[in-house]
Amino acid sequence: MDFEDAELYRDITDFAHDTPTWVQHTAEIWTEAGLLLFAALFAATWWRARGDSARDFAIAALAPVATAVAYVCSEVLKSVVTQERPCRAVPDATAPLIACPSPGDWSFPSNHATIAGAAAVTLALTRHALIRLTAPLALLMAFSRVFVGVHYPRDVVAGLLVGAVVAAAAVRLGTLPAVRLAEAMRASSAPAVRWFTGPGPQRRPTHEMR
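Residues numbered from 1 in each chain as written. Predicted model: local features only at pLDDT ≥ 70, side-chain atom pairs only at ≥ 80, totals over all residues. Heavy atoms only, no water.

Undergrad: Quick question: what am I supposed to make of the pattern of salt bridges here?
TA: Two side chains with opposite charge may pair up if their charged atoms get near one another. Evaluation of the coordinates by the stated rule reveals six salt bridges. The salt bridge involving Arg154 is made with Asp5; its shortest N-O contact spans 3.4 Å. One end of the pair, Arg154, is in helix α7 (residues 153-186); the other, Asp5, is in helix α1 (residues 3-18), with 149 residues separating them in the sequence. Its relative accessible area of 8% is what places Asp5 among the buried residues. When the shortest N-O distance is used, the salt bridge between Asp52 and Arg127 registers 2.3 Å. Taken together, the positions of Asp52 in the loop between α2 (21-49) and α3 (54-81) and Arg127 in the loop between α5 (111-126) and α6 (131-147) put the pair 75 residues apart, joining distant regions of the chain. Residue classification places Asp52 among the buried residues on the basis of a relative accessible area of 17%. For Arg127, a relative accessible area of 23% gives the class partly exposed. (Salt bridge = Lys/Arg side-chain N within 4 Å of Asp/Glu carboxyl O. Helix = DSSP H or I, 4+ residues; strand = E, 2+ residues; numbered from the N terminus. Buried < 20%, exposed > 50% of the residue type's maximum accessible area, 1.4 Å probe, protein only.)

As structure tokens, then:
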């Protein structure tokens, strides 16, 4: 912990306690519910990609996997850095809006911010226009973790960066084998497998192309 980060944490948590009750409750809900929204977006992009090319489907299917890889990297970093949560380490800080995580649940980097950063990037790789939605959602998710008092600002900044970089790299490395797997699955004789991958782009009948 450095002085500037602790002071910014105090400023944000003091501001949080000065906001209306409904704002506090919204932040408390959003800090967890945001993860469910990203999960719903993963499901929606996968479903839509079932009618797209094998490459587009592969990227949509890789998005949650790459996000999970980023989360694991975040957990590894936590176990190496072992930084205490600010709700216990910062003296004279305002009480957090939610329960302070138990000792041993380290602060740096933020898992929530890592997941948010990874989800924002991978969803945008499936549909570029989604970045207009996912980037603000990820930033709100990251800020909410400081707002409710369980992370330093640098925890969430690091989480966003780790999530974005690791997930983007995982998608890049996994796209080619995932495309081959998607093509093989679409050619499978098993109905359940073909349902999962979808039929891909529908070809127009020959007589309609004349």
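On we go from here.
Undergrad: Help me understand the side chain of Ser110, please; the structure alone is not making it clear to me.
TA: Checked against the element boundaries, Ser110 lands in the loop between α4 (86-89) and α5. A residue is classified by how much of its surface remains accessible, and Ser110, at 0% relative accessible area, is buried. Of the polar contacts made by the side chain of Ser110, one reaches the backbone nitrogen of His112; its length is 3.4 Å. Only 3.0 Å separates the side chain of Ser110 from the backbone nitrogen of Ala113, close enough to count as a polar contact. (Polar contact = N/O pair within 3.5 Å; in protein donor to acceptor, adjacent residues only side chain to side chain.)

Undergrad: Can you help me understand a nonpolar patch on the surface in this one?
TA: On the surface, a nonpolar cluster with roughly 430 Å² of combined accessible area is contributed by Tyr71, Val72, Val76, Val80 and Val81. With respect to the helices and strands, Val76 occurs in helix α3. With relative accessibility at 47%, the residue Val76 sits in the partly exposed group. (Patch = residues over 30% accessible without salt bridge, like charges linked within 9 Å, V, L, I, M, F, W, Y side chains within 5 Å. Areas by Shrake-Rupley, 256 points an atom, 1.4 Å probe, with all protein chains shown as cover.)

Undergrad: Got a minute to help me understand the nonpolar core in this structure?
TA: Burial of nonpolar side chains together is a common tendency in soluble globular proteins. Of all hydrophobic cores here, the largest spans 24 residues; its most connected members are Tyr9, Phe38, Leu123 and Ala138. For this core, the elements supplying multiple residues, two or more each, are α1, α2, α5, α6 and α7. Counting 16 residues, the second-largest nonpolar core is a separate cluster that includes Trp46, Ala54, Phe57 and Ala58. (Core = buried A, V, L, I, M, F, W, Y, C linked by side-chain atoms within 4.5 Å.)

Undergrad: I tried to follow unusual backbone geometry on my own but got confused; where do I start?
TA: Trans is the prevailing form of peptide bonds, just as negative phi is the prevailing case for residues other than glycine. Following Phe108, the chain continues into Pro109 via a peptide bond in cis, with omega recorded as -10°. The phi torsion at Thr82 lies on the positive side, around 50°, for a residue other than glycine. As for its placement among the helices and strands, Thr82 is situated in the loop between α3 and α4. With relative accessibility at 37%, the residue Thr82 sits in the partly exposed group. Even without a glycine there, the phi angle at Asp92 is positive, about 60°.

Undergrad: So what exactly am I meant to see when it comes to the state of the cysteines here?
TA: Every disulfide links exactly two cysteines, by a covalent bond between their sulfur atoms. With the rule as written, the count across this model stands at one disulfide. At a sulfur-sulfur separation of 2.0 Å, the disulfide partner of Cys87 is Cys100. Between Cys87 and Cys100, the S-S torsion sits near 70°, and that sign places the bridge as right-handed. On the criterion of sequence distance, the pair formed by Cys87 in helix α4 and Cys100 in the loop between α4 and α5 is long-range, its members being 13 residues apart. (Disulfide = S-S within 2.5 Å.)

Undergrad: Got a minute to help me understand the layout of surface pockets in this structure?
TA: Leftover empty space is mapped by rolling, across the atoms, a probe with the size of a water molecule. Its volume calculated, the largest pocket comes out at about 170 Å³. Every element with two or more residues in the lining of the largest pocket is listed here: α3, α5 and α7. The element best represented in the lining of the largest pocket is α7, accounting for four residues. Considering only residue class, the lining of the largest pocket consists of four nonpolar, three polar and four charged. (1 Å grid on protein atoms, 1.4 Å probe; cavity = no way out; pocket = protein on both sides within 12 Å on 5 of 7 lines; lining within 4 Å. Points joined across faces, edges and corners; volume = space filled by probe spheres on them. Nonpolar A, V, L, I, M, F, W, Y, C, P; charged D, E, K, R; others polar.)

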